[in-house]
Amino acid sequence: FAADPWGRNLYGTPPQGRADYAFQQHILQSLKAKTGRCAVLWPHGVLFRQEESDMRRKLVEADLIDCVLGLGPNLFYNSPMEACVVVCRTQKPKVRRGKILFINAVNEVTRERAQSFLTDDHLEHIVQGYRSGGDEPGFSRLVPLDEIRGRDGNLSIPLYITSAPSMVRETGPEYGSHAGQSVPVALSDWLASSRRVRVALH
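Residues numbered from 1 in each chain as written. Predicted model: local features only at pLDDT ≥ 70, side-chain atom pairs only at ≥ 80, totals over all residues. Heavy atoms only, no water.

## A look at the side chain of K92
Part 1 of the reasoning: If you trace the backbone, K92 turns up in the loop between β3 (83-89) and β4 (99-105).
Part 2 of the reasoning: At 2.9 Å, the side chain of K92 and the backbone oxygen of I65 are in polar contact.
Part 3 of the reasoning: With near-sequence residues (within four places) excluded, K92 lies in contact with D63, L64, I65, D66, R97, G98 and K99. (Helix = DSSP H or I, 4+ residues; strand = E, 2+ residues; numbered from the N terminus. Polar contact = N/O pair within 3.5 Å; in protein donor to acceptor, adjacent residues only side chain to side chain. Contact = heavy atoms within 4.5 Å.)

This is how it looks when you write it as structure tokens:
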């Protein structure tokens, strides 16, 4: 991949066992220069994993990321994970250039008869939040790249949006709770801090 003949290594070569950014770069290289758009479903790790931080910073600096959308838990069969959707555009609207829209839709979930799903109201809320690009406390925020640079390119959603208490997740040890929401923030801050220390020591 480091010598890819199609130039898909725009931002670097992913580490062994971490192919997510190889796929992401392949998708970006396939977009039309003026009208290209993509929306890719990922685990949240692509937003903050340390081993991919250099590629993520370059992707942020390229200003291709239009929106980072966090979805709620249990939307996929046999998996309780909370996924995210990274939306990219080769030509962002002027008002959104130099910024990334973060949407925390973790509470946009309904659970009935042991199944979780998005209702029409949930979808409408998410779509309207994306289209408006406005700030809504606990749900959406348009964040300037300077603030993201200050966090070393980390795209973890809780760093930029303070989540409201969950109204949808069932209680019990098998589901957990949002009481640990500060853990991703603390971990992300620690990873960014540790990297700055390593750079300073070299």
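## A short note on the nonpolar core
Part 1 of the reasoning: Ranked by size, the top nonpolar core spans 28 residues in total, and within it L28, L47, I65, I100, F102, I148 and L155 carry the most contacts.
Part 2 of the reasoning: Taken together, the elements giving at least two residues each to this core come down to α1 (20-29), β1 (37-43), α2 (53-61), β2 (65-71), β3, β4 and α4 (145-149).
Part 3 of the reasoning: Among residues more than four places away in sequence, those in contact with I65 are L59, V60, V86, V87, C88, K92, K99, I100 and L155.
Part 4 of the reasoning: Grouped together as the second largest cluster of nonpolar side chains are eleven residues, C67, V85, V87 and I103 included. (Core = buried A, V, L, I, M, F, W, Y, C linked by side-chain atoms within 4.5 Å. Buried < 20%, exposed > 50% of the residue type's maximum accessible area, 1.4 Å probe, protein only.)

## Some thoughts on the pairing of β3
Part 1 of the reasoning: Of all seven residues in β3, seven are buried; the element is thus mostly enclosed.
Part 2 of the reasoning: Residues A83, V85, V87 and R89 point to one face of β3 and C84, V86 and C88 to the other, with burial holding for every one of them.
Part 3 of the reasoning: Of the pairings in the sheet, the one linking β1 to β3 comprises seven bridges and is antiparallel in character. Bridge pairing links A39 to V87 in β3.
Part 4 of the reasoning: By the bridge criterion, five bridges tie β2 to β3 in an arrangement that is antiparallel. Within β3, the position partnered with V68 by the bridge is V86. (Pairing = 2+ DSSP bridges.)

## Some points on the pattern of salt bridges
Part 1 of the reasoning: This structure, assessed with the given rule, holds eleven salt bridges.
Part 2 of the reasoning: Where D4 meets R8, a salt bridge forms, and the shortest distance between an N and an O atom there is 2.6 Å.
Part 3 of the reasoning: Note on D4: relative accessible area 12%, which makes it buried.
Part 4 of the reasoning: For E51, the salt bridge identified is with R18, shortest N-O distance 3.0 Å. Here E51 is found in the loop between β1 and α2, whereas its partner R18 is found in the segment before α1, with 33 residues between them in sequence.
Part 5 of the reasoning: By relative accessible area, E51 is classed as partly exposed at 42%.
Part 6 of the reasoning: On the basis of relative accessible area, R18 is assigned to the partly exposed category, the value being 30%.
Part 7 of the reasoning: Counted as one network, the salt bridges with shared partners bring together D20, R49 and E52. (Salt bridge = Lys/Arg side-chain N within 4 Å of Asp/Glu carboxyl O.)

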